[in-house]
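Commentary on secondary and tertiary structure
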Amino acid sequence: MTSPPSEQLVLDPFEATTRGERGIGIRNRILVLPSVICSHLVADRIAEQVPEAVSAPHDHGCAQLGADNEQTERTLVGVGQNPNIAGTVVVGLGCEEVQSGDVAESLAAQDVPVDELSIQGVGGTDECIAEGKKKVRSLVKQSIGSEAIEAGLGDLTVGIVSGDLRPESRSVADPLVGELVDTVTDNGGRVVIAGTERLVPHADSVLENTAEGAQAAIKRVLEREKNRPAKDVATREAAAECSFEEVTRTYGGRPIESLVEYGQPAAFDSGVALLDSPTQFEEAATGLAAAGAHLVVHVTADGVPTGHPIVPTIKITGNESTAAALKKDIDLDATSTT
């Protein structure tokens, strides 16, 4: 993955909100975070009643053991401390494996304004909605007057997902995203790219284009990916029919600086990192949000409209038919830029 440096794009500064050690936020929301599937409808109801709030429902947190349970809790904490979030209210049921109190404690340790309650702890669903609404509004008040600052590309963490290996994505949309990656990294920003399946057939080339300190971790991930279930085989087979350059055009010719574990905040200073995640958008977007992405860029030939509650998602397609059929869902028709 080598290419000449891209011409620097000069952009006007934009307004952001300072989050201390978490950097800057380009959104200013209170997150209502269910610690378990059993409380996600209650979390939704709480968020619906406060304009400044969003919820992040999911299907996990109950009857999980070992590494599965650890990953769920790690991811919830990662999402809860995303810099677009001004504060988090964690909502539990009370008997789950991933306890709301534990998630809230971990967030507090990261200096995230946080509060917590459980349905069983306050006496029922209606009581939890009423009390949760009070807690969210309290965090809203705390966030009023947060310091606004001027920020630029160098302050951003940008998440990238290229959801397919269709010819029009590889030849039209992916290179356009690669130019964005060059621009962000040239300005000192960070890019986290989700999706490991397409790299498996090109493991040797991947390692050649990975910083020495990250090679061992990425090698382990690629070895593991070889044994993924059948649903992932199609992506690997399609990638095997492409060149290494074709499957990494969203990288902008940049080497991989580090590996980001799923659910963990990204810990590198600048450049490009690989997220240990599939390219399936729902999983990828949540992993990128937990990694600290301020926004996500999604390449989709089919026009997958799914977004994420805490990170703005920019949809790009290289397919003319998709762009024409989904004008309100696609943000950028890459064919119009060529």
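1. Here we look at the pairing of strand 6 (residues 114-118)
Where strand 5 (residues 85-92) lies against strand 6, 5 bridges are found, and the strand directions are parallel. Residue pairing for strand 6: Thr88 is matched across the bridge by Val114. Running through helix 3 (residues 100-109), the crossover from strand 5 to the neighbouring parallel element strand 6 is right-handed.

2. A word on the sheet that holds strand 3 (residues 29-34)
Strand pairing in a sheet relies on backbone hydrogen bonds. The paired strands run either parallel or antiparallel. Pairing within the open sheet is parallel, and its 4 strands lie in the order 4-3-5-6. Unpaired on one side and paired on the other, strand 4 (53-55) and strand 6 mark the two borders of the sheet. Shown here is a sheet whose adjacent strand axes are inclined to one another by a mean of 20°, direction ignored. Bridging between strand 3 and strand 5 involves 6 bridges; their strand directions are parallel. Among the inter-strand pairings, Val32 is bridged to a residue of strand 5, identified as Val89. Across the sheet, helix 3 is in contact with strand 3, strand 5 and strand 6; its angle to strand 6 comes to roughly 175°. Of the strands in this sheet, strand 3, strand 4, strand 5 and strand 6 touch helix 5 (residues 125-143), which is tilted by about 180° from strand 6.

3. Here's the deal with the environment of Gly252
Among the secondary structure elements, Gly252 is positioned in the loop between helix 10 (244-247) and strand 10 (256-260). Gly252 gets classed as buried once you look at its relative accessible area, which sits at 9%. In this structure, the C-alpha to C-alpha distance between Gly252 and Leu176, residues 76 residues apart in sequence, is 8.8 Å.

4. A closer look at the nonpolar core
Note on soluble globular proteins: their nonpolar side chains tend to be buried together. Grouped together as the largest cluster of nonpolar side chains are 33 residues, with contacts concentrated most on Leu31, Val103, Val161, Val192, Val260, Leu288 and Ile310. Among the elements of the structure, strand 3, helix 2 (66-80), strand 5, helix 3, strand 9 (190-194), strand 11 (271-275) and helix 11 (281-291) are those that each provide at least two residues to this core. Per-element accounting of this core gives the leading share, 7 residues, to helix 11. When neighbours within four sequence positions are excluded, Leu31 is seen to be in contact with Val54, Ser55, Ala56, Val79, Gly80, Ile85, Gly87, Thr88, Val89 and Ile310.

5. Details of the packing of helix 2 against helix 3
Between two packed helices, both the angle of their axes relative to each other and the distance between the axes serve to describe the pair. Put simply, helix 2 and helix 3 touch, their axes get as near as 9 Å, and they point 45° apart. The orientation of helix 2 relative to helix 3 falls into the category oblique. The handedness of the crossing between helix 2 and helix 3 comes out as right-handed. In this structure, helix 2 contributes Glu73, Leu76, Val77 and Gly80 to the contact, and helix 3 contributes Asp102, Val103, Ser106 and Leu107. For the contact of helix 2 with helix 3, the class distribution of residues is 4 nonpolar, 2 polar and 2 charged.

6. Examining the side chain of Asn209
Considering the arrangement of structural elements, one finds Asn209 in the loop between helix 7 (203-208) and helix 8 (212-225). Among the polar contacts listed, one links the side chain of Asn209 to the backbone oxygen of Ser205, at a separation of 2.8 Å.

7. Things to note about the packing of helix 2 against helix 11
Orientation of helix 2 relative to helix 11, taken along the N-to-C sense of each, is 60°, at an axis distance of 7 Å. As helix 2 packs across helix 11, the resulting crossing turns out to be left-handed. The residues of helix 11 that touch helix 2, namely those facing Thr75, Gly78 and Val79, are Thr286, Ala289 and Ala290. Partitioned by chemical class, the residues of the contact of helix 2 with helix 11 number 3 nonpolar, 3 polar and no charged.

8. A look at the state of the cysteines
This model, assessed by the stated rule, comprises 0 disulfides. Left without a disulfide partner, Cys128 is nearest to the cysteine sulfur of Cys38, which lies 12 Å away.

9. Overview of the side chain of Asn82
Tracing the sequence through the fold places Asn82 in the loop between helix 2 and strand 5. On the basis of relative accessible area, Asn82 is assigned to the buried category, the value being 0%. At 2.8 Å, the side chain of Asn82 forms a polar contact with the backbone oxygen of Ala289.

10. Considering the confidence of the model for the protein chain
Scored by pLDDT, the protein chain has a mean of 93; 95% of the residues are at 70 or more. Contacts from residues 1-10, a stretch scored under 50 in pLDDT, to residues over four places away or in other chains number 20 contacts.

11. Here's the deal with the pattern of salt bridges
All told, the structure shown has 12 salt bridges when counted by the stated rule. Among the salt bridges present, the one from Lys226 reaches Glu223, with a minimum N-O distance of 3.6 Å. A relative accessible area of 46% places Lys226 in the partly exposed class. Under the relative-accessibility criterion, Glu223 is labelled partly exposed at 42%. Here the salt bridges do not stand alone but share partners, grouping Arg166, Glu168 and Asp302 into one network.

Cut-offs used in this document
Residues numbered from 1 in each chain as written. Predicted model: local features only at pLDDT ≥ 70, side-chain atom pairs only at ≥ 80, totals over all residues. Heavy atoms only, no water. Pairing = 2+ DSSP bridges. Helix = DSSP H or I, 4+ residues; strand = E, 2+ residues; numbered from the N terminus. Right-handed = clockwise from strand over helix to strand, strands pointing away. Axes fitted to C-alpha atoms, helices over the stretch in contact; angles between N-to-C directions. Contact = heavy atoms within 4.5 Å. Buried < 20%, exposed > 50% of the residue type's maximum accessible area, 1.4 Å probe, protein only. Core = buried A, V, L, I, M, F, W, Y, C linked by side-chain atoms within 4.5 Å. Parallel < 35°, antiparallel > 145°, perpendicular 65-115°, else oblique. Left-handed = near helix turned anticlockwise from the far one by under 90°. Nonpolar A, V, L, I, M, F, W, Y, C, P; charged D, E, K, R; others polar. Polar contact = N/O pair within 3.5 Å; in protein donor to acceptor, adjacent residues only side chain to side chain. Disulfide = S-S within 2.5 Å. pLDDT = per-residue confidence, 0-100. Salt bridge = Lys/Arg side-chain N within 4 Å of Asp/Glu carboxyl O.

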